[in-house]
Structures are given as C-alpha cells and as structure tokens.
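Residue-level listing of the chains:
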Amino acid sequence: MRKLIFILFLLTVSCKTKMAAPSGMVTHKAMVVSARSEASKIGANILARGGNAFDAMIATELALAVAYPYAGNISGGGFMVYRLNDGKTGALDYREKAPLAATRNMYLDASGKVIPGKSWFGATATAVPGTIAGIFEVHKKFGSLPFSTLIQPAIDLAQKGVIITHKQDSTIKYYKKQILKVSGSNNFFAKDIKEKDTVRFTQLANTLERIKNNGRDEFYNGTTARLLVNFVQSKGGYITMEDLQKYEAKWRDPVEFRYKKLKIISMSPPSSGGITLGQIMKMIEPYNISKYGHNQAKTIQLITEAERRAYADRNYFLGDPDFVEIPTAKLLDKSYLKSRMSGFTFKQPTLSSSVSHGNIEIVESDETTHYSIVDPFGNAVSVTTTVNGAYGSKLYCDELGIFLNNEMDDFSSKPGTPNMFGLIGAKANRIEPEKRMLSSMTPTIVEKNGKLWMVVGTPGGSTIITSVLQTILNVYEFKMSMQEAVNAPRFHHQWLPDDIKMEPGRFSKKVKEELTKLGYKINEHNSRIIGKVDAILVRRNGSLEAGADKRGDDTAAGF
C-alpha cells in the first residue's frame, strides 16, 4: 500500500512539473523572434553565417528600421539585456537624451500651463537619438562579423522593398491624418500606401549606405548629422550638432533578483522595468499562485494588488540614475515589500488613493518594438527599442528616410500637473539637459537552475512590465508552452487610473463578476491589445520554442 501511495505521489509531482508540449515554432540551435518576418529572417541568416547574438541584434535592429517604421528605427533608442554562454550578464542603455537646450519649462506657456501637443508632435518633441550609437557600441564590444556585413541586409531590404501587411495598412491609414498634418502633403508617407504594395525606402537605403561607409560618426558628426540637425531646426526643434557629438550609449548593470527557482535579469534605470517587475514578483512570491488558477479571480486580485503598490513606487522614485539617486536595494528588499503588502486582503480591494506615493498617474506611449535572440553558442539578447509614439513625432524627414522620435513626452512636462494625456509627473523624471527620460521597457532574460531558460520582452508602454510578468508566470506557474503563454489573455493595473484593464472578450463572465462584486472596476474599453510579446523558451532537451505574438505581425526564424 505504501509503495502504491509513493508511486501515485511521484506521478502527481511529475504531472505538476511537466512542461507543456510546444505549440510555437521549435528550432534546435538558434532563434530570432521580432515584429516582422523580414527582420527575424535577416537576424537568423546572420546567425547561420556564423555570427553571434550581438551580430544578429545589430542586423535585426537595422532591418526593423526598414520593415517596421511604426516603431523600428535609427532615430530613436532602446535597451538591451544580455546573457553570455558562461552566465555573465550585462545591459546597454542607448535611450534618447534631452538636448542641451532643454529646460524644465520648455513645454509650458507664459501662464505655466502645458502647451498641448508640443512634447508629442513635430520637431519640438524630438530627443537626441541613441540607436546608431547603441549598435556600434554592441559591435565594438561583442561583434564578430564585419559591420558592413550586418548593415548590408537592411540596405538591400530598403532598396528591394517591403511588402505592406494588412496590419501595417491599418496603422498607416489610422495615423495618416496626423502624419500629413505634421509632415505636410508632399512627404513620402502622403502617397497611397496599401496592403500588398511593395514599398521601397530609397532615401533610408542611402542613409544606411553612408553609415556603412563612414561608421558611427556619419550619424553623429557627418553628412547625416548635418542633414538631421538642419531639418530639426528648420521645423522648430532643439537638437544641435553638439548634442549629437556628445551622445554616448552607456553600459549598465542589469537588475537581478530571484523568484522561487528562477533568476530574473532585467533592465535597470532609466528603465523602470526591472525594478517594478522585481517588486511585483517578490510581492506575489509567498502565495501559491498556481493553486489559484490561471486568470482566475483570486490570481488576478493578487497580481493587481502587487502591481498597484509597485507602480506607485515606480512613479515616485525612478528616473535617470545619472541625475537621480534611486534606492534600488530598498525597493527590492524582502521586508520592505512584505510591509507594502501588509494591508492586502482577498476580501476587498486596496484603494489606490490610500497607497502612497499617490499623485502620479502614468500614461506612456505603447508603440514600441521588441525582439529576442538566442545564438548557437548559447548567448542570449533581449532588446526593446522605440521612437515612442506610432511613427514617432509623425514628422518624416524625406532626405534621410526616417520618422523623428517624440521621446521628450516621456519626461514630466510639469511635475504635479497633468499633461494632455493625463500624465502627472514626478520630480525624478522632470526635464533636464542631457537627461534620459524614464521608460517602462523591460527586456528580460530568465535563468532556471542556473541555465538560460527564457528570453522575453514586449512593446506596450506602461503595460510592458505586466505583460512580461504574466508571460513568465504563464510558463513557470501555469505550465504553458511558450506560444500558449504569449497567446493567453492579459490584464493590467498601474495604480492610477484605479481599474483593471482587460483584453476585451477574453476573460470569463464569472471571473469579471467575482472581481466586480469585490469592488474592482473592470475596463475592457481602453485595452484592445495589451503587449505584443516576443519570447524564446529553452526546453529541457535544449531545443528553442518561440512565442511570437499574433496580436501583431510578429514572427520567429531560426534553425
């Protein structure tokens, strides 16, 4: 009898820990997952030619600038988290910076009120770009193939042309009125661009060719730099040659923390991603979340309450670490986080108004893009990059073939006062010359039992952190495959506004009724899509499973 009980126990344990069968693309040596098939294939081809994950990062980044102008770019910035095959980790910050001419009150009128749209549309919204500096910094430290080899596929793609997908057609139509208003009726995107058209980006190809021939300096001190500065200033913007010449990408230590048997490696400030993700995961860690069930009321309630508290801290404490002292150790301290959850009960919600720090509402643009890479050598990179809004500031420079970013809107235009999008900012993220603006981008790598286990990230503005969180939990706690974890319905809470955003029509009526009865406000109106996760899971046999989000055109490629 004892023997039978022991066998049943082993079977139960085995069932609980068994990994779900893969439902996404599986490869055995290498993989790239990005927002466009062209970019993923270009990255995978670089790996097939003997390049490493960092070579593929450069090629993928540049390909996205061509195939995905919605968020891919050479005129924006981003973050990269990496893990080498020997377990060493690091992070690169190539986030945009405020120009030297920036002032705290630059978006305020004479009466001290925020000028609508000035930090969002056109050249006045544009910060100093970091993408080109970032990829050259990556190549200098980790590149194994010649830079010309890595940039050439993007040049070829721009010359050959990109086939417009149904989703691209929809976004171009949706934003066309804004693009025309800002860029005029004669710009490249003013023409009739529709699904299945092949669009050639000749001017962007020329810009990339100059960068190929002249290197990093072309963008920051060469012909391209002068064209960019002249264009920005002719449109009333602030960027100067000195701004470009002074820009440097910065290597940083990632945020690392443990969740049960996992080690999470995520982005450090000026990204809020790693710290906020760490706070949420550590606050829910003491609870048996897998027992509550996936997307059940109790699970959603617990995660919501942890998110409420973490976002309150995020909004108050975090900013550019070169300008603001950030109490990282304290924010991730176990006893501190236990005290943050001390008022939590499953019987009722905690009101956001009762959770300090209570005067900063976060509304952040969600038009970003992410890609994940694992190479045949066991190196991994997780990269999130952006021009902030969809097509950035909507200002297109025909001579260079690029949209300018509108990253200045990610600063607090006026601490303590809402801007046109409802954002009330903190002093930690106020505008200062050469400062990097706060971000929610959360490129993340996860280890399990000391080995590479997952590479994950997403666009989505303030929902980035919670989308990454749920994707990790879906696989670890709820035993989903990588693709199932990405496909699963997502929800989001960010402290203010005090509601639970849910993807419409994807949560059961019973769960919503249970939460509503407890006193939670459900919002399915402003949350059509929450994140577009691109992830890679290393399975027990060493194979790689993709999670490519079908909410976009996201695609995996590998071998």
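Structure's up top.
For the structure given in this document, a descriptive report is provided here. Here the structure is a predicted model, which means the values were calculated and not measured.

**Notes on the pairing of strand E11 (residues 380-386)**
Working step 1: The buried count for E11 comes to seven of seven residues, which makes it a mostly enclosed element.
Working step 2: The pairing of strand E3 (residues 77-83) with E11 spans seven bridges and is antiparallel. Among the inter-strand pairings, Met80 is bridged to a residue of E11, identified as Val383.
Working step 3: As paired elements, strand E10 (residues 368-374) and E11 share seven bridges and run antiparallel to each other. The residue bridging Ser372 from the neighbouring strand is Ser382, located in E11.
Working step 4: Linkage of E10 to E11, two consecutive antiparallel strands, is achieved through a turn of five residues, within which Gly378 is found at a positive phi near 95°.

**Observations concerning the pattern of salt bridges**
Working step 1: Using the criterion set out here, one finds 32 salt bridges in the structure.
Working step 2: The salt bridge involving Lys246 is made with Glu434; its shortest N-O contact spans 3.3 Å. With a gap of 188 residues between them, Lys246 in helix H10 (residues 241-246) and Glu434 in the loop between strand E13 (402-403) and strand E14 (444-448) connect regions that are remote in the sequence.
Working step 3: Residue Arg340 is joined to Asp313 by a salt bridge in which the shortest nitrogen-to-oxygen separation is 3.0 Å. Remark: Asp313 occurs in helix H13 (residues 297-317) and Arg340 occurs in helix H15 (residues 334-340); sequence separation between them is 27 residues. Just as Arg340 is buried, Asp313 falls in that class too.
Working step 4: Taken together, the shared-partner salt bridges connect Asp93, Lys250, Arg252, Asp320, Asp322 and Arg436 into one network.

**With respect to unusual backbone geometry**
Working step 1: A cis amide bond links Pro269 to the next residue, Pro270, at an omega of 15°.
Working step 2: Here Pro270 shows up in the loop between strand E9 (262-266) and helix H11 (273-284).
Working step 3: The residue Lys260 is not glycine, and still its phi comes out positive at about 55°.
Working step 4: Tracing the backbone shows Lys260 in the loop between strand E8 (255-259) and E9.

**What about the packing of H11 against H13?**
Working step 1: Where H11 meets H13, the axes come as close as 9 Å, and the angle between the chain directions of the two elements is 145°. In this structure, H11 meets H13 at a crossing whose hand is right-handed. Counting all contacts with H11, which are made through Thr276, Gln279, Ile280, Met283 and Ile284, the residues of H13 involved are Leu302, Ile303, Ala306, Glu307, Arg309, Ala310, Tyr311, Asp313 and Arg314.
Working step 2: Of the residues assigned to the contact of H11 with H13, the class counts are eight nonpolar, two polar and four charged.

Cut-offs applied
- Residues numbered from 1 in each chain as written.
- Predicted model: local features only at pLDDT ≥ 70, side-chain atom pairs only at ≥ 80, totals over all residues.
- Heavy atoms only, no water.
- Buried < 20%, exposed > 50% of the residue type's maximum accessible area, 1.4 Å probe, protein only.
- Helix = DSSP H or I, 4+ residues; strand = E, 2+ residues; numbered from the N terminus.
- Pairing = 2+ DSSP bridges.
- Salt bridge = Lys/Arg side-chain N within 4 Å of Asp/Glu carboxyl O.
- Axes fitted to C-alpha atoms, helices over the stretch in contact; angles between N-to-C directions.
- Left-handed = near helix turned anticlockwise from the far one by under 90°.
- Contact = heavy atoms within 4.5 Å.
- Nonpolar A, V, L, I, M, F, W, Y, C, P; charged D, E, K, R; others polar.

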